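Below, each chain spelled out in residue letters.
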Amino acid sequence: MSNTFSLKEIERQAWTRYFEDGLWDIWLGFMYLGGGLRSLTGNLWWYLLIAAGVLLLIGGKRWITVPRLGYIKFSPWRETRQMRLKIIVVAAVLLTAVLVFWGLRGGWAYTGWLFVLLVPALFLLMAYMMDFPRLAFYAILIAGTMLLTQLYGDPVGAYAQIALGLLATLIGLAHLLPFLRHNPLPAGQDTERYDHR
């Protein structure tokens, strides 16, 4: 029993190292910066900032994080857990799309308040299933931002989104720069592959 617990703890520590790079924070920051600036200016080009955040998260994991930490094949338990999380996220995105469409057609008057509960709850669930406590911190900030938007509209909501985006981006950079400094690329070595079973 103790050996099994030790292996799970070792795997958890290896898993959480992948969040030391700050890329998730930067992605979240770009998403809220882009959304807030779009609301404030009415300029659709700010959505490119959101796209840049997605590309940075995907590309950064591939070309920054994995070459420094190696590729880890995690246990079936964790892979199943992450697959369930992906299904939940996809279902939440589809539900959000339905609610937005319904709201645009003059649906339920409390749709906005439902988002105030739904989005932070999703981030809390992600924080738990991903073993990523910082997402719980962001869930609280997101709830506050959405509450301000719901109560006061723009520009208050837009400024709240921009503030959240700047904070998350700065936190991400504060993690990324030490990560790069403490985890240099291995000179002349191929990326290692580790199996934790």
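Residues numbered from 1 in each chain as written. Predicted model: local features only at pLDDT ≥ 70, side-chain atom pairs only at ≥ 80, totals over all residues. Heavy atoms only, no water.

Q: Even after reading the chapter, I still don't get the layout of surface pockets, so can you show me in this structure?
A: If you roll a probe as big as a water molecule over the atoms, it shows you where there is empty space left. Empty space within the largest pocket amounts to approximately 780 Å³. Lining the largest pocket are 22 residues, with Trp 15, Trp 24, Gln 82, Lys 86 and Met 130 sitting closest to its centre. Elements that contribute at least two residues to the lining of the largest pocket include exactly α3 (47–69), β1 (71–73) and α4 (76–104). Of the residues assigned to the lining of the largest pocket, the class counts are 16 nonpolar, one polar and five charged. Each pocket or cavity is described by its volume, and for the second largest pocket that value is around 550 Å³. In this structure, the second largest pocket is lined by 19 residues; those nearest its centre are Tyr 32, Gly 35, Ser 39, Met 146 and Gln 161. Going through the elements one at a time, α2 (23–41), α3, α5 (111–129) and α6 (133–152) are the ones with two or more residues in the lining of the second largest pocket. By residue number, the principal contributor to the lining of the second largest pocket is α2, which donates six residues. Residues belonging to the lining of the second largest pocket are distributed by class as follows: nine nonpolar, eight polar and two charged. (1 Å grid on protein atoms, 1.4 Å probe; cavity = no way out; pocket = protein on both sides within 12 Å on 5 of 7 lines; lining within 4 Å. Points joined across faces, edges and corners; volume = space filled by probe spheres on them. Helix = DSSP H or I, 4+ residues; strand = E, 2+ residues; numbered from the N terminus. Nonpolar A, V, L, I, M, F, W, Y, C, P; charged D, E, K, R; others polar.)

Q: Can you walk me through the packing of α2 against helix α7 (residues 156–182) in this structure?
A: Helices that pack against each other are described as a pair by the angle of their axes relative to one another and the distance between those axes. One way to put it is that α2 packs onto α7 with a least axis distance of 7 Å and a crossing angle of 155 degrees. On the basis of their axis angle, the class for α2 and α7 is roughly antiparallel. When the axes of α2 and α7 are compared, the crossing they make is left-handed. Among the residues forming the contact of α2 with α7, the class breakdown is 16 nonpolar, eight polar and one charged. (Axes fitted to C-alpha atoms, helices over the stretch in contact; angles between N-to-C directions. Parallel < 35°, antiparallel > 145°, perpendicular 65-115°, else oblique. Left-handed = near helix turned anticlockwise from the far one by under 90°.)

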